[in-house]
Amino acid sequence: MTKDIIDELSQERPAFVPKGEYRVRLRDWKKFWHFSRLDLVMAFEIVESDYCGVLLPKFYQVKWDGEQIVAGWKSDFCRDYQQCFGAVERTDQFEIRKFEDLVLLAEVREVTHDQEKRPLAEVNQYSRIGQLLKVIRPFEQ
């Protein structure tokens with residue numbers, strides 16, 4: 001995977017998709033600096049429905065040990081990973097490549113308020129992945 005998709009996603013107007021469950025596939029991922037810590041952003045593409053081809057981000061607060069992801073037991077990343085792939089023995093053995101070439105069922109959320117709970121004008125509303133629910137099947141190109 002190239003890292004160009006994440007850069008493209010950050011420069012385009014955020015997409016708005018009605019909340020619900022959608023079939024998605026991982027298109028890209030990247031480490032990124034967020035408030036002086038190195039986090040993870042994953043870009044998922046909707047693969048079915050009227051919104052096929054729309055890219056939506058999922059942001060995870062994780063730690064890095066070199067290229068290895070480390071996430072706490074109560075973290076969103078650990079919970080999503082185990083939801084899709086089953087229990088892990090340790091929280092420093094995640095493999096991001098396991099997400100590749102799969103169709104996943106994801107919850108999509110509408111962002112209608114800012115961090116201070118102020119409503120966003122309709123033109124400023126957008127969507128993002130809420131959580132990953134399960135693996136559906138391998139992705140067929």
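Scroll up for the structure.
Residues numbered from 1 in each chain as written. Predicted model: local features only at pLDDT ≥ 70, side-chain atom pairs only at ≥ 80, totals over all residues. Heavy atoms only, no water.

(A) Seen up close, the layout of surface pockets. Put simply, the largest pocket is a space of about 1200 Å³. Lining the largest pocket are 43 residues, and of these Pro57, Lys58, Phe59, Tyr126 and Arg128 lie nearest its centre. Broken down by class, the residue content of the lining of the largest pocket amounts to 17 nonpolar, 11 polar and 15 charged. (1 Å grid on protein atoms, 1.4 Å probe; cavity = no way out; pocket = protein on both sides within 12 Å on 5 of 7 lines; lining within 4 Å. Points joined across faces, edges and corners; volume = space filled by probe spheres on them. Nonpolar A, V, L, I, M, F, W, Y, C, P; charged D, E, K, R; others polar.)

(B) Quick peek at the sheet that holds strand β2 (residues 37-46). Taken in spatial order, the 5 strands line up as β3-β2-β1-β6-β7 in an open sheet, and their pairing is antiparallel. On the outer flanks of this sheet lie β3 (55-60) and β7 (126-138), each paired with one strand and no other. Each neighbouring strand pair of the sheet contributes to a mean axis angle of 40°, computed without reference to strand direction. Contacts from helix α2 (residues 76-85) reach β2, β3, β6 (102-111) and β7 within the one sheet, and its direction differs from that of β7 by about 30°. (Pairing = 2+ DSSP bridges. Helix = DSSP H or I, 4+ residues; strand = E, 2+ residues; numbered from the N terminus. Axes fitted to C-alpha atoms, helices over the stretch in contact; angles between N-to-C directions. Contact = heavy atoms within 4.5 Å.)

(C) Representation of the environment of Glu45. In this fold, Glu45 is placed in strand β2. Residues Glu45 and Gln83, 38 residues apart in the sequence, show an inter-C-alpha distance of 19 Å. In contact with Glu45, not counting residues within four places along its chain, are Arg23, Val24, Arg25, Arg27, Gly53, Val54 and Leu55. Engagement of the side chain of Glu45 in a polar contact is seen with the side chain of Arg27, the distance being 3.2 Å. (Polar contact = N/O pair within 3.5 Å; in protein donor to acceptor, adjacent residues only side chain to side chain.)

(D) Seen up close, the pattern of salt bridges. Tallying each qualifying case throughout the model produces 10 salt bridges. Linking Glu48 and Arg23 is a salt bridge whose minimum nitrogen-to-oxygen distance equals 3.3 Å. Of this pair, Glu48 sits in the loop between β2 and β3 while Arg23 sits in strand β1 (residues 20-34); the two residues are 25 residues apart in sequence, bridging distant segments of the chain. On the basis of relative accessibility, which here comes to 30%, the residue Glu48 falls in the partly exposed class. Look at Arg23 and you get partly exposed, because its relative accessible area is 32%. The closest approach of N and O atoms between Arg25 and Glu45, which form a salt bridge, is 3.1 Å. With a gap of 20 residues between them, Arg25 in strand β1 and Glu45 in strand β2 connect regions that are remote in the sequence. Connected through shared salt-bridge partners, Arg23, Glu48 and Arg137 make up one network. (Salt bridge = Lys/Arg side-chain N within 4 Å of Asp/Glu carboxyl O. Buried < 20%, exposed > 50% of the residue type's maximum accessible area, 1.4 Å probe, protein only.)

(E) Geometry of the packing of aromatic side chains. Here the structure, examined in full by the defined rule, presents 11 aromatic pairs. Between Phe77 and Phe94, the ring centres sit 5.2 Å apart and the planes meet at 85°, which makes this aromatic pair edge-to-face. Here Phe77 is found in helix α2, whereas its partner Phe94 is found in the loop between α2 and β6, with 17 residues between them in sequence. Taking relative accessible area as the criterion, Phe77 reaches 1% and is therefore assigned buried. Take Phe94: its relative accessible area is 3%, and that puts it in the buried class. Between the aromatic rings of Tyr81 and Phe94, the centroid separation amounts to 4.9 Å while the plane-to-plane angle is 75°, which identifies the pairing as edge-to-face. Here Tyr81, found in helix α2, pairs with Phe94, found in the loop between α2 and β6; they are 13 residues apart in sequence, far enough to count as distant. Classification of Tyr81 as buried rests on a relative accessible area of 3%. Grouping aromatic residues by their ring pairs yields a cluster made of Tyr60, Phe77, Tyr81, Phe85, Phe94 and Phe99. Here the basic side chain of Arg25 rests over the ring of Phe139, its NZ or CZ set 4.2 Å away from the ring centre. Note that Lys31 overlies the ring of Trp64, its terminal NZ or CZ placed 4.7 Å from the centroid. (Phe/Tyr/Trp six-rings, centres within 6.5 Å; stacked < 30°, edge-to-face > 60°. Lys NZ or Arg CZ within 6 Å of the ring centre and 35° of its normal.)

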